[in-house]
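Structural overview
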Amino acid sequence: MIEALFSYDFLQNAFLSGLIIGVIAPMIGLFIVVRRLALIADALSHVSLAGIAGSLYLSQQVVFFAGLNPVYLGMAAAVGGSLLIERLRRVYRNFEELAIPIILSAGIGFGAIFISLAKGFGSDLVGYLFGSVSAVSRQDLTVVAVLAAAVLVFIYLFYKELFTLSFDTDYSRASGLNGGWIQILFMVMTALVIGASMRIVGILLVSSLMTLPVASAIQVAKSFRSAMVLSVILGETSVIAGLVAAFYLDIAPGGTIVVTAILILLAVLGGKRLLGLRHPEAEEEAA
Amino acid sequence: MQGSLVKLTDVSFSYGSSAVLKDITFTVNPGEFWALIGPNGSGKSTLIKLLLGLLKPSRGTVELFGKPAGDPDRKERIGYVSQKSASFNSGFPATVLEVVKSGLTVKRGLFRRFTEDDSKAARRALQAVGMEDFTGRNIGELSGGQQQRVFIARALAAEPELLIMDEPTVGIDQQNSASFYSMLEELNREHGIAIILVSHEIDLVTDLASHVACLNHTMHFHGGRRDFAKLGDRDLSKWYGHPVRLIHQKEGGGSDD
Ligand SMILES: Nc1ncnc2c1ncn2[C@@H]1O[C@H](COP(=O)(O)OP(=O)(O)OP(=O)(O)O)[C@@H](O)[C@H]1O
Ligand SMILES: [Mg+2]
């Protein structure tokens with residue numbers, strides 16, 4: 001495999017993209033998980049499905065779209081969806097949690113319409129749904145790298161605000177932290193991470209890469225900082241192991257990456273039980 | 001001379017169709033220490049949320065530091081301990097120090113990272129509530145009272161100009177609660193920090209505070225502690241809607257200023 005990595009450009013592209021999203025997906029995912037908004041990642045990835053399917057369909061109809069990378073429209077849809085969720089959450093305060101399923105359903109609905117209209121686009125679509133080792137172009141890699149840089153800068157600059165808002169929204173507002181636009185930026189960043197990750201892990205599994213490593217990390221991490229570091233380490237482990245397995249088995253990497261992340265989570269949960277390290281929530285349940 | 005810190009004018013509020021507060025006018029000036037009392041469900045927490053800008057009044061105006069409450073560009077610092085602060089997500093991966101430092105986020109300002117000074121300020125605040133040995137502990141692994149003390153430290157860390165605390169000592173043992181109250185007294189007297197304290201420990205807080213506000217959907221009384229001390233249990237019982245007996249520890253002998 002190492003030789004193949006040197007001799008095939010596409011493999012290099014896939015691996016480098018994988019390494020990058022292995023960092024940013026769990027990082028953004030940590031903020032999502034601690035705020036119990038894991039469904040947002042799902043909703044946005046399904047919205048990007050509508051964008052991708054729309055782009056693939058249009059590429060059969062309009063010459064312009066034939067030359068356009070579907071990832072762009074997918075990402076644009078996710079960003080649009082993220083802004084819409086924020087808007088809905090504000091307008092229907094009492095039905096905050098409804099905003100997410102509404103957007104999620106809209107994403108699947110439009111996705112299904114475009115897919116049926118196009119009368120199927122076979123392997124192309126499967127690549128977007130479950131990821132692909134061979135479909136990542138140099139251009140895709142560049143896009144992923146640029147997006148990742150934006151996400152990392154965002155987290156670096158707003159780390160303390162993001163932590164404060166995630167831990168206690170009421171306190172943040174009372175203390176004078178104007179979280180409105182930071183929240184909107186955060187949603188856009190989430191959409192960008194989804195856009196960057198979908199080539200490798202696939203639309204259906206992006207949210208798993210954002211949440212599973214985090215779920216494992218917060219089982220053992222005491223501090224937020226260590227939770228972030230651990231999430232990234234476990235995310236990278238899943239991506240690398242998953243990509244290697246996908247290469248040898250010649251299957252879509254999304255599945256192998258996510259299954260690796262699940263195995264890690266099970267191992268962490270099992271290990272904790274064995275060592276008697278228990279989570280406060282577990283103690284409460286036992287009490 | 002600085003204007004009032006908090007100013008509510010003819011404020012009414014209802015959750016949906018159920019009216020909770022009616023025609024509240026209430027002012028807090030610099031240096032004042034207010035005890036806000038009233039029975040369960042009388043609207044104390046609601047009033048606090050209104051004056052912090054967390055809720056919008058149905059009628060009337062709420063001003064904080066001379067600007068409409070909820071003004072996103074407020075620079076003045078407020079330390080807030082909410083009534084249910086211990087009901088956060090208990091699996092949250094954060095240490096005590098990280099939580100207390102989050103009280104310094106606004107003070108440090110956008111685009112700046114925490115410094116060593118911030119960690120020191122957080123440790124000082126933890127020391128003030130006797131939690132300095134817990135800095136590295138996970139917040140979810142502390143007892144309820146310990147968590148509450150951490151949230152008090154978070155409110156103190158930024159050296160606020162106004163402290164707003166909604167039943168801060170619930171769940172805190174007697175000794176720590178006593179030292180907490182004497183710390184409040186000191187913050188108010190020595191450092192001139194204005195305080196609004198919601199509590200059901202009526203005897204205690206109406207002796208401690210310089211001013212008392214008695215709320216039960218409307219503001220039945222607000223004024224200096226001495227005037228409050230002149231009231232009889234009859235008035236209080238009427239406002240509370242059930243018998244209330246006060247034992248004034250410092251009656252007559254209290255030094256007001
Ligand atoms: N989020 C809410 N939605 C609807 N009604 C509410 C809400 N919060 C409070 N209320 C109602 O408003 C009234 C006042 O509540 P509030 O919490 O302000 O009382 P309180 O004086 O703080 O009481 P306590 O001493 O128990 O803390 C109560 O009747 C309560 O049922
Ligand atoms: Mg209350």
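In this report, we go over the structure that sits alongside the text. Sequence order sets the numbering: in each chain, residues are counted from 1 along the sequence as written. Whichever chain is written first is A, and whichever ligand is written first is 1; the rest continue in order. Only residues with pLDDT of 70 or above have their local features reported here, since the model is predicted, and side-chain atom pairs are shown and tallied only from 80 upward, although totals for entire chains, interfaces and linings are computed over all residues. The basis for every side-chain value is the complete set of heavy atoms in the structure, and neither hydrogens nor water enter the calculation.

For the rest of this paragraph, the subject is the overall build of chain B. Under the DSSP-based scheme used, a helix requires at least four consecutive residues in state H or I and a strand at least two consecutive residues in state E, with every element numbered from the N terminus. When helices and strands are tallied, chain B shows 9 helices and 10 strands. Put simply, the radius of gyration uses C-alpha atoms, and a globule should come to 2.2 Å times the residue count raised to 0.38. Its C-alpha atoms give chain B a radius of gyration of 18 Å, near enough to 18 Å, the size a compact globule of 257 residues would have. The principal-axis extent of the C-alpha atoms belonging to chain B is close to 50 × 40 × 40 Å. Burial classes follow relative accessibility: with a 1.4 Å probe on protein chains only, a residue under 20% of its type's maximum area counts as buried, one over 50% as exposed, and anything between as partly exposed. With 257 residues in all, chain B has 56% of them scored as buried. Counted over contacts in chain B with a minimum sequence separation of 6, partners at least 24 positions apart contribute 64%. Here chain B has roughly 11500 Å² of accessible surface; of this, 48% comes from carbon and sulfur atoms. In this tally, Asp and Glu contribute negative charge and Lys and Arg positive charge; neither His nor the terminal groups of the chain are included. All charge positions are set by atom: Lys at NZ, Arg at CZ, Asp at CG, Glu at CD. With 30 positive and 31 negative side-chain charges, chain B shows a spacing of 4 Å between the two charge centroids. Contacts are assigned to residue pairs with any non-hydrogen atoms lying within 4.5 Å of each other. Shrake-Rupley sampling with a 1.4 Å probe provides the accessible areas, and residues are treated as covered by the protein chains on show and by no other component.

Attention now goes to the environment of Arg226(B). Among the secondary structure elements, Arg226(B) is positioned in helix α8 (residues 225-230). When the C-alpha positions of Arg226(B) and Thr206(B) are compared, they lie 9.5 Å apart, and in sequence the two are 20 residues distant.

Bringing unusual backbone geometry into the picture now. Excluding glycine, a negative phi dihedral is what most residues carry, and trans is how most peptide bonds are arranged. Residues other than glycine seldom take positive phi values, yet Arg36(A) does so here, at roughly 55°. By the secondary structure assignment, Arg36(A) is in the loop between α2 (9-34) and α3 (38-61). Exposure remark for Arg36(A): the relative accessible area of 55% places this residue in the exposed category. At Phe111(B), a position not held by glycine, the phi torsion is positive, near 65°. One can find Phe111(B) in the loop between α3 (105-108) and α4 (116-128).

Our next topic: the coordination of the magnesium ion (ligand 2). Residue and element names in this part refer to chain B. For the magnesium ion (ligand 2), the protein coordination sphere consists of Ser45 (OG) and Gln83 (OE1), at 2.0 to 2.1 Å. Linking Ser45 in helix α1 (residues 44-52) with Gln83 in the loop between β6 (78-81) and α2 (96-101), this pair joins segments that are 38 residues apart in sequence. The exposure class of Ser45 is buried, given its relative accessible area of 17%. Its relative accessible area of 38% is what places Gln83 among the partly exposed residues. For Na, K and Ca the donor cut-off is 3.2 Å, while for other metals it is 2.8 Å, and in both cases only N, O and S atoms qualify; water is not among them, so sites may look incomplete.

With that settled, the discussion passes to the site of ligand 1. Residue and element names in this part refer to chain B. The near set for a molecule or strand comprises every residue that places at least one heavy atom within 4 Å of it. Near ligand 1 you find 13 residues, and of these Gly41, Lys44, Ser45, Thr46 and His200 are the closest. Ser42 has a polar side-chain atom sitting 3.2 Å from an oxygen atom of ligand 1. Any pair of N or O atoms that falls within 3.5 Å is considered a polar contact. Within protein, one atom must be able to donate a hydrogen and the other to accept it, and sequence-neighbouring residues count only if both atoms are side-chain atoms. Gly43 has a polar backbone atom sitting 3.0 Å from an oxygen atom of ligand 1. Look at ligand 1: alone it shows 630 Å² of surface, and the protein chains cover 59% of it. Tallying contributions element by element places α1 first for the shell around ligand 1, with 3 residues. Across the shell around ligand 1, the residue classes break down as 3 nonpolar, 8 polar and 2 charged. Classification convention: Asp, Glu, Lys, Arg as charged; Ala, Val, Leu, Ile, Met, Phe, Trp, Tyr, Cys, Pro as nonpolar; all other residues, Gly among them, as polar.

For Glu98(B), the location among the structural elements is in helix α2. With no salt bridge to any partner, buried Glu98(B) finds its closest opposite charge in Arg225(A), at an N-O distance of 4.9 Å. If sequence neighbours within four positions are ignored, Glu98(B) has contacts with Tyr159(A), Phe163(A), Ser223(A), Phe224(A), Arg225(A) and Pro93(B). The rule for a salt bridge is simple: a side-chain nitrogen of Lys or Arg has to be within 4 Å of a carboxyl oxygen of Asp or Glu.

What follows covers the packing of aromatic side chains. Two rings belonging to Phe, Tyr or Trp (six-membered ring only in the last case) form a pair when the distance between their centres is within 6.5 Å. Interplanar angles under 30 degrees mark stacking, angles over 60 mark edge-to-face geometry, and anything in between is tilted. Per the counting criterion, the structure on display carries 19 aromatic pairs over all chains. Relative to Phe92(B), the ring of Phe224(A) has its centre 5.8 Å away and its plane inclined at 20°; by these criteria the two rings are stacked. With Phe224(A) in helix α12 (residues 224-249) and Phe92(B) in the loop between β6 and α2, this residue pair bridges two chains. Of the two residues examined, Phe224(A) and Phe92(B), each falls in the buried class. Through a chain of ring-to-ring contacts, the aromatic side chains of Phe31(A), Tyr159(A), Phe163(A), Phe167(A), Phe186(A), Phe224(A), Phe92(B) and Phe151(B) assemble into a single cluster. Here Arg154(B) stacks its cationic end above the ring of Tyr171(A), 3.8 Å away from the centre of that ring. Only when the NZ atom of a Lys or the CZ atom of an Arg is both within 6 Å of the ring centre and within 35 degrees of the ring normal do we say a charge sits over the ring.

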